Structures are given as structure tokens and as C-alpha cells.
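Understanding the architecture of this molecule
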Amino acid sequence: MKFIPKLFFLLVLVFSLAQCKEDKKKTSETGSSPKVAEKSELVSDTANILVNKPDDLKTPEGMVWIPGGIFTQGAVPQDKMAMGHEKPAHKVAVDGFFMDITEVTNREFRKFVEETGYITVAEREIDWEEMKKQLPEGTPRPHDSIMQPGSLTFKKAKSSVPNLYDFSQWWQWTIGANWKHPNGPGSTIKGKDNHPVVQVAYEDALAYCDWAGRRLPTEAEWERAARGNKESTIYFWGDDLSVLSQMANTWEGEFPVDNTRTDGFELRALVKSYPPNDFSLYDIAGNVWEWTSDWYNTNYYDQVGSKNTILRNPMGAETPYNARDPYAREKVMKGGSFLCNESYCASYRISSRMATSMDSSLEHLGFRTVATADMLRANEN
């Protein structure tokens, strides 16, 4: 890995894509014992779980009701691609909520920006003093020519990549890349109003949520919504991988050299290009990753799975910790993207999860929002 790309992967605190090829061994690190987030609660009476949509509420435009219930979160037994941080599977109770039918689109995000004047993280000057707080002591400051607003973009490799652990081979720091120019200065979202907005950092997604009267889903809510009525399948449509190109936008061919476009797209696809899941949610697999509100903690599933309890509306770990990058403060993202390939990532699986730094903005990461009954009632007052 060359010096500049490696340094910028540290500075921007990019997601730990190396996890995509993790050795499937159960982590033994105990660097940060993950207490469950304080607002999570144990189920004492399953009869109190909100399942059906309350009669006094109308479904917001562009959203759908996700019925509450108890489900199994995490990897299913027959999933041979499951990673260690998806295990053990554990029972979770989630109250019903509303969720966006699609990922937030360029059109929707543009309206937010036009009404608020918001400037995304990728468009702002880089604050070295703030950034170095999350880096190993002594990390040198890059040259001013590099310390300019931008983000990470994907680049194809010219030849086969023998080491898929080294993700610098297909990611590059691109000055001028942002939500309006997702692949760099020469790119545009003109004519792509119905494509998912990308190059949005966690802070950007939260700002949109505040404006829209929404919030980001928890990991448990996201997985409940993605699973639909499928109790124990690998994918939202079942266990049949042969229909992947008909169901999701992923990388088909040799990654990261050649994409055969069997599914119709090489990069991002407009929303609703593929069939929805049981709950009428589109692009719940592939296309772009989606932010959740949960801290990523390597040991969280181990802690929750070791207890003979069912958490209601869990909010994840109380503290972040990544055994591969202890300096990072990362959130969980779900759903996979157009870059997912069986040889490398296979994150179009329901239980798949990844860690991403809060200030990372990437050309394959977007979000969708949720709203609870209480939130909607409060907004009416």
C-alpha cells in the first residue's frame, strides 16, 4: 500500500473492509467489553410488543409499516459465508415502526440541502486538529495539497488481485468527490434523481433525519425489516443464490477487475430496480450500504448471545470498539452494495454487517430512515 492512500485511509477512518475476508474465527479480544446501550430493555411481557400499525396513524408518504415481533438476529445455521461478528444468532424483540420504502434519493437529499443550506462533511475543509484525536499519537500531518475536501471513490483494478485483504487496491482518495459528484469532479447526479444519495457521512444522515422528522434505524430494526416473513433464510428471498442477479445489484464477475453487469448495472442503480421483500422494501440487499444508529463493537454479539434473555428494541453496544482498529469510532452499516461479490464480501446476506467510521463518506454508502408511532404523534403536536 502506498504511503498517501494508506495515510488517508487512516485519516478519513475508512470502514474496515478487511472484515469482509475475516478468518471466520471467533475473536478473543476483550479490548472494550460492550455493555448494552442503556436505553435497551429486557422483554418482560411479549404481549406489550407493538405489532400492528395503530389505527390513529396514517402511513407517511414513501414509508411502510414494519410489524413488530420477536425474531432471530444474526447468521442462520446454513450460511457458509457468515462471519464471526454475525454470531451467535440471538432472539430480539422489536416494536413496529415505519420505514422508508427505498433508500433516500438524490432528489430527496437535494430538497433538504436547498431548504437548509446544509454542507456535507465531504464538502468541508478538513480539520486536522479534530482528526488526529482519533489517530495513533505521532501520525504525521499530510501535505496541504492532499488535505482538501473530498471522499473515497472506487477504481477498477487492471489485473487480478491476489490479495483481497488490501482494499487500497480498489479505493482511492478523490478531492472533490461528494454527494453531487459521487465519483469525483467529472461525475454528476444530473438525471439521477431516483438514485440513492451517497457520499453522506453519519453526521449528514442525522442532519437529514432531523429535518425530515425521522431517525436512522437501529441494527435490529433494520434486520427485522430486511428479513420480512422469512424466519431463517440467508437472503431476503430465500436461500437460492442462483437468482441473485434478478434480486439485487451486486458485483458479478471477477472482483475488482471485471463486472459482467448480468444484473443490469455496474455501479449504482436507481431505486426500485429489483423486486421488494415481504414488507415492500426495495434494495434491502445490494446497491448501496445503509447507515444504522448502532455502535460497532467486535464483541457485542458474543455478549448478547451469551445471555439467556431477549432484548426489546436493542440499541446496540454502549461503546464502540473494533479489534482491528481500536482508534476508530464506527457505526454498523447493513445491506451490502454494488461492490459485493461472493469471492470477497457476499454482504447481500440479511445478517451481514460492517463497521464504518462516522466521518466516512463513500460512493457505495447511503441510508434510509424510520419513524415510530410516538415520533409521529409528537410531530403532530
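Keep in mind it's a predicted model, so treat the numbers as computed, not measured. (Residues numbered from 1 in each chain as written. Predicted model: local features only at pLDDT ≥ 70, side-chain atom pairs only at ≥ 80, totals over all residues. Heavy atoms only, no water.)

**So, the overall build of the protein**
Note the cut-off: Under the scheme used here, helices are H or I runs from DSSP no shorter than 4 residues and strands are E runs no shorter than 2 residues, and both carry numbers assigned from the N terminus. Relative accessibility thresholds used throughout: buried, under 20% of the residue-type maximum; exposed, over 50%; partly exposed, between the two (1.4 Å probe, protein chains only). Contact between two residues is taken to exist if any of their heavy atoms lie within 4.5 Å; hydrogens are not considered. Surface accessibility follows the Shrake-Rupley procedure with a 1.4 Å probe radius. Residue values consider only the protein chains on display as shielding.
Each helix and strand in the protein was counted, giving 8 helices and 13 strands. When burial is assessed residue by residue, the protein has 58% of its 381 residues classed as buried. Restricting the contact set of the protein to residue pairs at least 6 apart, pairs at least 24 apart contribute 79%. As presented, the protein carries roughly 16500 Å² of accessible surface, and 49% of it is formed by carbon and sulfur atoms.

**Notes on the layout of surface pockets**
Quick reminder of the rule: Put plainly, a pocket is an open set of points on a 1 Å grid over the protein atoms alone with protein on both sides within 12 Å along at least five of seven lines, a cavity is a set where a 1.4 Å probe fits but cannot get out, and a lining residue has an atom within 4 Å of a point. Grid points are joined across faces, edges and corners, and a volume is the space filled by probe spheres set on the points. Amino acids outside the nonpolar list (Ala, Val, Leu, Ile, Met, Phe, Trp, Tyr, Cys, Pro) and the charged list (Asp, Glu, Lys, Arg) are all regarded as polar, and Gly is one of them.
Each pocket or cavity is described by its volume, and for the largest pocket that value is around 650 Å³. Lining the largest pocket we find 21 residues, and of these Glu61, Gly62, Asp100, Glu108 and Tyr208 sit closest to its centre. Looking at the lining of the largest pocket, the elements that each hand over two or more residues are α2 (106-116) and α4 (202-212). A per-class count over the lining of the largest pocket returns 8 nonpolar, 5 polar and 8 charged.

**So, the pattern of salt bridges**
When the charged atoms of two side chains with opposite charge come close together, those side chains can pair. We apply this condition: What makes a salt bridge here is a side-chain nitrogen of Lys or Arg within 4 Å of a carboxyl oxygen of Asp or Glu, nothing more.
Overall, the coordinates contain 18 salt bridges when judged by the stated rule. One salt bridge in this structure joins aspartate 79 and arginine 349, with 2.8 Å as the shortest N-O distance. Remark: arginine 349 occurs in the loop between β10 (330-334) and β11 (353-357) and aspartate 79 occurs in the loop between β3 (69-73) and β4 (90-94); sequence separation between them is 270 residues. Its relative accessible area of 1% is what places arginine 349 among the buried residues. Connected through salt bridges with shared partners, the residues Glu219, Glu223, Lys334 and Arg353 form a single ionic network.

**Observations concerning the environment of isoleucine 350**
Summarising the element assignment, isoleucine 350 is placed in the loop between β10 and β11. Note: C-alpha distance between isoleucine 350 and glycine 335 (15 residues apart in sequence) is 6.9 Å. Not counting chain neighbours up to four residues away, the residues in contact with isoleucine 350 comprise Trp222, Glu223, Ala226, Arg227, Thr233, Ile234, Tyr235, Phe236 and Lys334.

**Describing the pairing of strand β2 (residues 63-66)**
Remember that side chains alternate between the two faces of the sheet whenever the strand is regular. Heads up, the rule is: Between any two strands, at least two bridges found by DSSP are needed for them to pair.
Because side chains alternate across β2, one face comprises the buried residues Met63 and Trp65, and the other comprises Val64 and Ile66, equally buried. Pairing of β2 with strand β5 (residues 97-100) involves 4 bridges; the strand directions are antiparallel. Of the residues in β5, the one forming a bridge with tryptophan 65 is phenylalanine 98.

**Quick word on unusual backbone geometry**
That bond from lysine 87 to proline 88 is cis: its omega, -5°, falls within 30 degrees of zero. For proline 88, the position within the fold is in the loop between β3 and β4. Here the residue pair phenylalanine 255 and proline 256 is connected by a cis peptide bond, since its omega of -5° sits within 30 degrees of zero. In this fold, proline 256 is placed in the loop between α6 (244-247) and β8 (289-295).

**Quick word on the confidence of the model for the protein**
The condition that has to hold: As a per-residue measure, pLDDT reflects the predictor's confidence and takes values from 0 up to 100.
In the predicted model, the protein carries a mean pLDDT of 87, and 87% of its residues have values of at least 70. Segment residues 1-30: pLDDT under 50, and 95 contacts once partners within four positions in sequence are set aside and those in other chains are kept.

**Here we look at the sheet that holds β10**
The mixed open sheet is built from 4 strands, whose spatial order is β11-β10-β8-β12. The sheet is open, and its two edges are formed by β11 and β12 (365-366), each paired on a single side. Across 3 bridges, β8 lies against β10 in antiparallel orientation. Residue pairing in the sheet places tryptophan 291 in a bridge with methionine 333 of β10.

**A word on the side chain of arginine 368**
Put simply, the rule reads: Definition of a polar contact: a pair of N or O atoms within 3.5 Å, with one able to donate and the other able to accept a hydrogen when the atoms are protein atoms, and with sequence-neighbouring residues admitted only if both atoms are side-chain atoms.
Residue placement: arginine 368 occurs in the loop between β12 and β13 (370-371). Classification of arginine 368 by relative accessible area gives buried; the value is 0%. At 2.6 Å, the side chain of arginine 368 forms a polar contact with the backbone oxygen of tyrosine 282. A polar contact of 2.8 Å, which involves the side chain of arginine 368, links it to the side chain of glutamate 290.

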